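Residue-level structural notes
The lines below spell out each chain.
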Amino acid sequence: MFQLTVSVESSKADWIYSVEDVIKNKLNNCSAVSALNLTGRRVYCAFGCEPQYRAQLLAAIKECLVEMYAVVTKFDFVKNNLRISLPPLSYDILVHTLVAFDRENEHKLLNKILRVEDGMTLDGIFNFKLGELKDRWLEICNLTKNNGAYLHDDDTYNELLRFLISAVNPKINKLTVRESDGNYRLTGAMKNSTFDLKTDSSSELMYYLIDLAPLELEIDGGITNRELSQRLVGIFDAKQLGVAKNKK
């Protein structure tokens, strides 16, 4: 049986926990298993599979770790280095947008850096091998802080986020958002499936939109939350269904 173990200090255990479910789903495809164990100040994650699935297991682990560093670890880094005075929701939306910014290039770099092997330490890789990425992250944090005074203006804030999201490769071309009975429904056609999300949280809706970075966003019906409606238009250039026809 092929086995390997990775670890991280317990203070950063959320790094592993954040991708635990995704890893388990991918392990099912290569008949592999995993187990978490807290020993002292470190969390260990052990993986095992039959030898014929070794390559699949390594690929699955690497894919999840790339996503972990590009999203969860970057999120922690940005929050720790972006000291800026904004309303809580505006700040959180800004952080999520900065995390999504340039993700394709970061994935490419991480794929070059990461080598999955027995005994690898996730915090050690972050501390000693991700210098180029951390420099990029710090640069965008400093640039944002240096222009923080302008972000209290809604138009300038929306313009910055629109610029950042324009550099994100879209995961979907077109989405439609509709509000009904206090809930938001986000739908769209993907390459081999249909995206369909329901949430009662305007902030969660924004986080999904930032991650998906649609080329087009339509509002089917009205959005009662005025601030949310303005963000959808200002950041994603959302169009109201039927408006164009009525103008003709």
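Scroll up for the structure.
Keep in mind it's a predicted model, so treat the numbers as computed, not measured. Counting of residues starts from 1 at the beginning of each chain's written sequence and follows it residue by residue. Local features in this predicted model are restricted to residues whose pLDDT is 70 or higher, and side-chain atom pairs enter the listing and the counts only when it is 80 or higher, whereas totals over whole chains, interfaces and linings include all residues. Side-chain measures were taken over the full set of non-hydrogen atoms in the model, leaving aside hydrogen atoms and water.

**Some points on the nonpolar core**
- In these notes, a set of buried Ala, Val, Leu, Ile, Met, Phe, Trp, Tyr and Cys residues joined through side-chain atoms within 4.5 Å is what counts as a nonpolar core. When a residue's accessible area, from a 1.4 Å probe over protein chains only, is under 20% of the maximum for its type it is buried; when over 50% it is exposed; and in between it is partly exposed. Counting 40 residues, the largest nonpolar core has L82, L186, L217, L232 and F236 as the members making the most contacts within it.
- It is helix α3 (residues 88-100) that contributes the most residues to this core, seven residues altogether.
- Should any heavy atoms of two residues lie within 4.5 Å, those residues are considered in contact. Leave out the neighbours within four places in its chain, and L82 touches Y91, L94, V95, L98, C141, T144 and K145. Helix numbers and strand numbers start at the N terminus; a helix is a DSSP run of H or I with at least 4 residues, a strand a run of E with at least 2.

**Considerations on the packing of aromatic side chains**
- Each Phe, Tyr or Trp ring, with Trp reduced to its six-membered ring, pairs with another whose centre is within 6.5 Å; inter-plane angles below 30 degrees give stacked pairs, above 60 give edge-to-face pairs, and intermediate values give tilted ones. Enumeration according to the criterion identifies four aromatic pairs in this entry.
- Considering the side-chain rings of W15 and Y69, the 6.2 Å spacing of their centres and the 65 degrees angle between planes classify their relative orientation as edge-to-face. Here Y69 lies in helix α2 (residues 54-81) and W15 lies in helix α1 (residues 13-28), a separation of 54 residues in the sequence. You'll find W15 and Y69 in the same group, each marked buried.
- Through successive ring pairs, a cluster of aromatic residues spans W15, Y69 and F126.
- A ring is considered to have a charge above it if a Lys NZ or an Arg CZ atom is located within 6 Å of its centre and within 35 degrees of its normal. The ring of F126 is capped by K134, whose NZ or CZ atom sits 4.5 Å from the centre of that ring.

**Details of the packing of α2 against helix α5 (residues 122-129)**
- Look at α2 against α5: their axes get within 12 Å of each other, and the N-to-C directions meet at 70 degrees. Judged by the angle between their axes, α2 and α5 are roughly perpendicular. Where α2 crosses over α5, the two elements pack in a sense that is right-handed. Residue-level contacts link L65, M68, Y69, T73 and F77 of α2 to L122, I125 and F126 of α5.
- Among the residues forming the contact of α2 with α5, the class breakdown is seven nonpolar, one polar and no charged. To define axes, lines are fitted to C-alpha atoms, for helices over the stretch in contact only, and angles between the resulting N-to-C directions are given on a 0 to 180 degree scale. What sets the label is the angle itself: under 35 degrees gives roughly parallel, over 145 gives roughly antiparallel, 65 to 115 gives roughly perpendicular, and the rest give oblique. The handedness criterion is simple: a crossing whose near helix is rotated anticlockwise from the far helix by less than a right angle is left-handed, and one whose near helix is rotated clockwise is right-handed. Here the nonpolar group is Ala, Val, Leu, Ile, Met, Phe, Trp, Tyr, Cys and Pro; Asp, Glu, Lys and Arg are the charged ones; every other residue, Gly included, is treated as polar.

**Considering the side chain of E106**
- Within the secondary structure, E106 sits in helix α4 (residues 103-113).
- Exposure remark for E106: the relative accessible area of 2% places this residue in the buried category.

**Quick word on the pattern of salt bridges**
- Whenever Lys or Arg places a side-chain nitrogen within 4 Å of a carboxyl oxygen from Asp or Glu, that contact is recorded as a salt bridge. In total, this model carries 16 salt bridges according to the counting rule given.
- Within this structure, R103, E104, K171 and D211 form a network of salt bridges that share partners.

**A look at the sheet that holds strand β5 (residues 183-189)**
- The strand order β6-β5-β4-β7-β8 describes an open sheet built from five strands, whose pairing is mixed. Both outer strands of the open sheet, β6 (194-199) and β8 (239-240), are each paired with one neighbouring strand and no more.
- Bridging between β5 and β6 involves six bridges; their strand directions are antiparallel. Pairing of T187 across the sheet is with D196, part of β6. Paired strands, as defined in this entry, are two strands with at least two bridges between them according to DSSP.

**Some thoughts on the environment of A100**
- As for its position among the elements, A100 is in helix α3.
- Among the residues examined, A100 registers a relative accessible area of 7% and is labelled buried.
- Through-space distance from the C-alpha of A100 to that of F75 is 9.4 Å; in sequence the pair is 25 residues apart.
- Among all residues touching A100, those that are not within four sequence positions of it are V168 and I210.

**Looking at the pairing of strand β4 (residues 174-180)**
- With four bridges connecting them, β4 and strand β7 (residues 216-219) associate as parallel partners. From the neighbouring strand, V177 faces β7, where its bridge partner is I219.
- Bridging between β4 and β5 involves five bridges; their strand directions are antiparallel. Directly across from R178, in β5, lies its bridge partner R185.
- The turn linking β4 back onto β5 is made up of two residues, and D181 within it adopts a positive phi angle of 55 degrees.

**Remarks on the environment of L109**
- Structurally, L109 can be placed in helix α4.
- Each C-alpha atom of the pair L109 and Q230 lies 36 Å from the other, and the pair is 121 residues apart in sequence.
- Filtering out sequence-adjacent residues up to four positions away, L109 remains in contact with E132, L133 and R136.

**Quick notes on a negative patch on the surface**
- Patch definition: residues above 30% relative accessible area lacking any salt bridge, with like charges linked at up to 9 Å and the nonpolar side chains Val, Leu, Ile, Met, Phe, Trp and Tyr linked at up to 5 Å. Shrake-Rupley sampling with a 1.4 Å probe provides the accessible areas, and residues are treated as covered by the protein chains on show and by no other component. As used throughout, the charge tally considers Lys and Arg to be positive and Asp and Glu to be negative, leaving His and the chain termini uncounted. Lys charges are placed at NZ, Arg charges at CZ, Asp charges at CG and Glu charges at CD. A cluster of acidic residues, D153, D154, D155 and E159, forms a negative patch on the protein surface.
- Positionally, D155 belongs in helix α7 (residues 154-166).

**So, the side chain of T97**
- Of note, T97 is situated in helix α3.
- Sequence-distant contacts of T97, defined by excluding residues within four places in its chain, comprise L161, L164, I165 and I210.

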